[in-house]
Amino acid sequence: MCGLLGTAFGLVAGRMAGVEGAVRQYLGAVVQVAADVLGADLVGCYAAGSLALGGYQPGRSDIDVAVVCAGTLTDGHKRTLVAR
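In short, a report on the structure. (Residues numbered from 1 in each chain as written. Predicted model: local features only at pLDDT ≥ 70, side-chain atom pairs only at ≥ 80, totals over all residues. Heavy atoms only, no water.)

1. Structural notes on the overall build of the protein chain
- The secondary structure content of the protein chain amounts to five helices and two strands.
- Its helices and strands taken in sequence order, the protein chain reads α-α-α-β-α-β-α from the N to the C terminus.
- Taking all 84 residues of the protein chain together, 25% fall into the buried category.
- For the protein chain, contacts bridging at least 24 residues in sequence account for 59% of all contacts bridging at least 6.
- Summed over its atoms, the accessible surface of the protein chain is roughly 5,100 Å², and 55% of this surface lies on carbon and sulfur atoms. (Helix = DSSP H or I, 4+ residues; strand = E, 2+ residues; numbered from the N terminus. Buried < 20%, exposed > 50% of the residue type's maximum accessible area, 1.4 Å probe, protein only. Contact = heavy atoms within 4.5 Å. Areas by Shrake-Rupley, 256 points an atom, 1.4 Å probe, with all protein chains shown as cover.)

And the structure:
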């Protein structure tokens, strides 16, 4: 999962190194769910906000993630992504 995480989130190694275990697991789960639901339509998953900028503070910051897909999502895909 770490290879997929590093590739899909495109975070520089120094910033990823500072991300705690629970956050790494969460990001890995986001990537895995997006890949499972969207398949080949998944373009990428990108961290934003404080996490992407290196200012994430555990317990204080939220985790902003954008999931990009190749086309318009069906209502079913939207519901599945949110539910999972």
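2. Things to note about a nonpolar patch on the surface
- Nonpolar side chains collect at one region of the surface, where Val43, Tyr46 and Val68 lie side by side and expose about 250 Å² of accessible area between them.
- Positionally, Val43 belongs in strand 1 (residues 42-48). (Patch = residues over 30% accessible without salt bridge, like charges linked within 9 Å, V, L, I, M, F, W, Y side chains within 5 Å. Salt bridge = Lys/Arg side-chain N within 4 Å of Asp/Glu carboxyl O.)

3. Quick look at the nonpolar core
- Counting residues in each nonpolar core, the largest one holds seven residues, listed as Val19, Val23, Leu27, Ala47, Leu51, Ala52 and Tyr56.
- Elements with a contribution of two residues or more to this core: helix 3 (21-38) and helix 4 (49-53).
- Setting aside anything within four residues of it in sequence, one finds Val23 in contact with Leu51, Tyr56 and Ile63. (Core = buried A, V, L, I, M, F, W, Y, C linked by side-chain atoms within 4.5 Å.)

4. A look at helix 3
- If you check helix 3, its first and last C-alpha atoms are 25 Å apart, about what 18 residues at 1.5 Å a residue would give, namely 26 Å.
- Listing the buried residues of helix 3 in full gives Val23, Leu27, Gly28, Val30, Val31, Val33, Ala34, Val37 and Leu38.
- Of the residues trailing helix 3, Gly39 is marked for its positive phi of about 60°. (Expected span 1.5 Å × (residues − 1).)

5. Brief notes about the environment of Ala70
- Relative to the helices and strands, Ala70 is located in the loop between strand 2 (64-69) and helix 5 (75-83).
- When the C-alpha positions of Ala70 and Ala40 are compared, they lie 8.4 Å apart, and in sequence the two are 30 residues distant.
- Among residues more than four places away in sequence, those in contact with Ala70 are Asp41 and Val43.

By themselves, these figures tell us nothing about what the structure is for.
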